[in-house]
Amino acid sequence: MASNPLAGWWGKNKRTVLIVGVVIVVLWVFIERGNGPKTKRVSMPKGYGSADRELLVHAPSDPKDPIPLVLILHDDNADAKTLDHDSAAGSVANARNFAVAYPEAVGGTWRIDSPDGVDAAYLRDVVSYVSAKKTKVDPNRIYVWGVGEGARLALTVVCGGAKPIFAAVGVVGQFMQEPQSACPGRTAEARVAETDWDKKVSETLWTASAKHHLGT
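Residues numbered from 1 in each chain as written. Predicted model: local features only at pLDDT ≥ 70, side-chain atom pairs only at ≥ 80, totals over all residues. Heavy atoms only, no water.

**Observations regarding the environment of Ala167**
Tracing the backbone through its elements, the reader meets Ala167 in the loop between α5 (149-157) and β6 (168-172). Its relative accessible area of 7% is what places Ala167 among the buried residues. In this structure the C-alpha to C-alpha distance between Ala167 and Ala210, which are 43 residues apart in sequence, comes to 8.8 Å. Non-local contacts of Ala167, meaning those with residues more than four positions away in its chain, are made with Asn140, Ile142, Tyr143, Thr187, Ala188, His212, His213 and Leu214. (Helix = DSSP H or I, 4+ residues; strand = E, 2+ residues; numbered from the N terminus. Buried < 20%, exposed > 50% of the residue type's maximum accessible area, 1.4 Å probe, protein only. Contact = heavy atoms within 4.5 Å.)

**Observations concerning the state of the cysteines**
One pass over the structure, following the stated rule, counts one disulfide. What pairs with Cys159 in a disulfide is Cys183, and their sulfur atoms sit 2.0 Å apart. Residues Cys159 and Cys183 are joined by a disulfide whose S-S torsion is about -85 degrees; by sign, that bridge is left-handed. Pair noted here: Cys159 is in the loop between α5 and β6 and Cys183 is in the loop between β6 and β7 (188-192), with a separation of 24 residues, a long-range link. With a relative accessible area of 17%, Cys159 lands in the buried category. (Disulfide = S-S within 2.5 Å.)

**Some remarks on empty space enclosed by the protein**
The rolling of a water-molecule-sized probe over the atoms marks out the regions of remaining empty space. Counted according to the given criterion, the structure contains one cavity of 30 Å³ or more. If you add up the space inside the largest cavity, you get close to 30 Å³. As for the largest cavity, its lining consists of Leu155, Val158, Val169, Ser181, Cys183, Gly185, Arg186, Thr187 and Glu189. Counted by class, the lining of the largest cavity contains four nonpolar, three polar and two charged residues. (1 Å grid on protein atoms, 1.4 Å probe; cavity = no way out; pocket = protein on both sides within 12 Å on 5 of 7 lines; lining within 4 Å. Points joined across faces, edges and corners; volume = space filled by probe spheres on them. Nonpolar A, V, L, I, M, F, W, Y, C, P; charged D, E, K, R; others polar.)

**Some points on the pairing of strand β3 (residues 67-73)**
Most of β3 sits out of view: seven of its seven residues are buried. Judged from the six bridges that link them, β3 and strand β5 (residues 137-147) form a sheet pairing that is parallel. Across the sheet, residue Ile72 finds its bridge partner in β5, namely Trp145. (Pairing = 2+ DSSP bridges.)

**Quick word on helix α3 (residues 89-96)**
Within α3, the full set of buried residues consists of Ala89, Gly90, Val92 and Ala93. Buried residues in α3, looked at end-on, bunch into an arc of 160 degrees, giving them a common side. Those residues of α3 that are buried lie in contact with β2 (54-58), β3, α2 (80-87), β4 (99-103) and α6 (199-210). (Arc of directions from axis to C-beta.)

**What about the pattern of salt bridges?**
Following the criterion strictly, the structure yields nine salt bridges and no others. Between Arg41 and Glu104 there is a salt bridge, with the nearest N and O atoms lying 3.1 Å from each other. Here Arg41 is found in strand β1 (residues 40-43), whereas its partner Glu104 is found in the loop between β4 and α4 (118-134), with 63 residues between them in sequence. A salt bridge links Lys136 to Asp62; the nearest nitrogen and oxygen atoms lie 3.4 Å apart. A residue pair is termed long-range when its members are at least 10 positions apart, and Lys136 in the loop between α4 and β5 and Asp62 in the loop between β2 and β3 qualify at 74 residues. Owing to a relative accessible area of 57%, Asp62 belongs among the exposed residues under this scheme. (Salt bridge = Lys/Arg side-chain N within 4 Å of Asp/Glu carboxyl O.)

**Here's the deal with the environment of Val137**
Tracing the backbone shows Val137 in strand β5. Here the alpha-carbon distance between Val137 and Ile67, two residues 70 residues apart in the chain, equals 4.9 Å.

**Here's the deal with α5**
Within α5, seven of the nine residues are buried, which leaves it mostly tucked inside the rest of the structure. All buried positions along α5 are accounted for by Gly150, Ala151, Leu153, Ala154, Leu155, Thr156 and Val157. Against the buried residues of α5 lie β3, α4, β5, β6 and β7.

Written out as structure tokens, the structure is:
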């Protein structure tokens, strides 16, 4: 019976092939992570009603053209950093060319009192701040997504102001009773009934939201 030349080659070169494979994987991960901006923690500056409140921002500093902006709201008793990690929204943003801001609740609890309450005003300040100081934002393509109580705040804030600034709202979570908008029909809605927000959820929300523009 003739010997298998591939078996002999593999025996001599197995270690080299495995090393090369590991190097390729490491380089791919490095390039993938380095392809785009990083998420940074910042504080709202003086001059805003929400001065000194913190948030995370994931945005290119000088895009060629104005890009969409997505605000992502964590649930109560959670935080922006964890949601940034779990949702992988930054990775989706790098691939789809949009910016992300993760507002942070004071003491881990959102105040959902009215469309013009303190936390709703903070979210509108975040839009103004990111647009003015962090990146070029397309004002017709600003979206707000939230999970749990963050989703309830997202549904609330889109009802405030003299005119809409959010082109779509995304709701993530499984609820005993689905939260409803106080101004149905004002803003397009996308809902994902998942308990865990992962990259697939972010991609689903982006696909649903991106087709909606204000003023069109």
